[in-house]
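# What the coordinates show
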Amino acid sequence: MDSSVLFSMRLSLQVAAVATAFIFVIGIAVAYFLARKDFKGKELLDVLFTLPLVLPPTVTGYYLIVLFGRNGTVGKIIYQWTGWTIMFTWYAAVLASFVVALPLMIKTARAAIESVDVTLINASYTLGRTEFETAVRIILPLARRGIIAGTVLSFARAMGEFGATLMLAGNLPGKTDTMPLAIYSLSGSGEWSKANGMVIMLTLLSGFFLYLANRYSKRPIY
Amino acid sequence: MGLSVTLKKKINEFSLDVAWEMADELAVLFGYSGAGKSITLQMIAGLMQPDAGVVRCGEKVLFDSFKEVNLPPQKRSFGYVFQNLALFPHLTVDENIRYGARGISPDECRKRVAELTGAFRLEGVIDRLPGKLSGGQQQRVAFARALIRKPDVLLLDEPFSALDNPLRLEMRQFLKDVRNIFNIPVVLVTHDIIEAYTMADNIIVYSNGRVVQTGHPSEVFNHPASKEVEALVDTSKLMTLP
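Residues numbered from 1 in each chain as written. Chains lettered and ligands numbered in written order. Predicted model: local features only at pLDDT ≥ 70, side-chain atom pairs only at ≥ 80, totals over all residues.

Turning our attention to the overall build of chain B. If you tally the helices and strands in chain B, you get nine helices and eleven strands. The C-alpha radius of gyration of chain B comes to 18 Å, within 12% of the 18 Å expected for a compact globule of 242 residues. Along the first, second and third principal axes, the C-alpha atoms of chain B reach 55 × 55 × 30 Å. Per-residue burial for chain B yields a buried fraction of 41% across its 242 residues. The contacts in chain B between residues at least 6 apart in sequence include a share of 65% that link residues at least 24 apart. (Helix = DSSP H or I, 4+ residues; strand = E, 2+ residues; numbered from the N terminus. Rg over C-alpha atoms; globule rule 2.2 N^0.38 Å. Buried ≥ 20, exposed ≤ 12 C-beta atoms within 10 Å, placed from the backbone. Contact = placed C-beta atoms within 7 Å.)

This is the structure:
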């Protein structure tokens, strides 16, 4: 196989894996707070986290540049301190994938956590267990199907991320060209045979992940 | 020990306003469904916050709206058996029981699990998930889990209501055994008239969020304080059942 195609495949997997690792931790934490806590502005926060699901990825990418670009609100501070900017690195692809795929995790995990029987949680409290112990030993294990489904969906979405990645990481061959970006370049220059392999691979992988996600979210646990 | 409870709580149209005390005994909260018995139990355990009131267990103040004391459920030493038992479906019998043993040393925990599973005839099913147990076994696991921490009081929210008759009789005997073994005060919520009559040292009759009579079962059944209580404890209706 062509080395540039191999590079894109490896980069895509790497970006999606790292983004999903962050999504797993942060997504569960956010989903837990949205599901179990009542606070002012809770639904607003949910909307904010969900927006990237419906916004054009270019708009999400635009916001990310405004925030993390070299002259962005946060990016400027990072650049002043370290002389480094996330723009046009593979970390930018991770950030873009993270933000775009996170809502899938939050939505799925929140629903799963909300569906855990409240009496089980109350029982845990009357048995002297703290909220953290209850979350780790009762709530999350019982919500695990939704969490797994959310993780798989997020990974699939991260693999397929294009628009925000293009805005933030650019389309630098051998540096930030993940599979979707490489396919865009290859079809632009008419190199169909190279693109074909990646198109098929993305289709099969995404189909497989959707199948996994369905399987995990549907089958009853006990 | 003893338990002293004064509670006020408004939930939508329903208002609860009760005050009662119990000694080291088995007190039955008796009344129709929706009379406020279950939420009383939840407020005693700290799972729901009263609008006003005091909950004392012996000398220990668990809740006092005036002094702004409100211990979380974890800090109140109650064994709670829920109506649906609330066994953790993903944990084995052994894990369910041990889950209640927070802060107990491993040696002591092993000893208590052995005692409880022996006394409650659960040795053979220790590695099973709750879904694989009979109704009676599930009940006994719920009791074992609630008792392993040696709570000050046992709170029972209609634990036998879902059982069929023979098993319900068995579980009533079981509860009597539990009381003999553990010598622990019990609050039992029920709307079953026979359960109330046969189990109670003291009956606290609820109606519409109020306590309408308290006393020894024979007293309440033979001398109902009002028409309302009379209707509630009317055993003649039972006799006409086929």
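After that view of the structure, there is still more to cover.
With that out of the way, let us pick up the sheet that holds strand β1 (residues 3-11) of chain B. Residue and element names in this part refer to chain B. With antiparallel pairing, the five strands of this open sheet are ordered in space as β2-β1-β4-β5-β6. The sheet is open, and its two edges are formed by β2 (14-22) and β6 (69-70), each paired on a single side. Here nine bridges tie β1 to β2, and the two strands are oriented antiparallel to one another. Of the residues in β2, the one forming a bridge with Thr6 is Ala19. Running over the sheet, helix α1 (residues 37-45) touches β1, β2 and β4 (52-57) and is turned about 115° from β1. (Pairing = 2+ DSSP bridges. Axes fitted to C-alpha atoms, helices over the stretch in contact; angles between N-to-C directions.)

Residues and elements named next belong to chain B. The pLDDT averaged across chain B works out to 92; a share of 96% of its residues lies at or above 70. The spread of mean pLDDT over the elements of chain B runs between helix α9 (residues 236-239), the lowest at 60, and helix α2 (residues 93-99), the highest at 97. Predicted as a complex, the structure gets a pTM of 0.89 and an ipTM equal to 0.91. (pLDDT = per-residue confidence, 0-100.)

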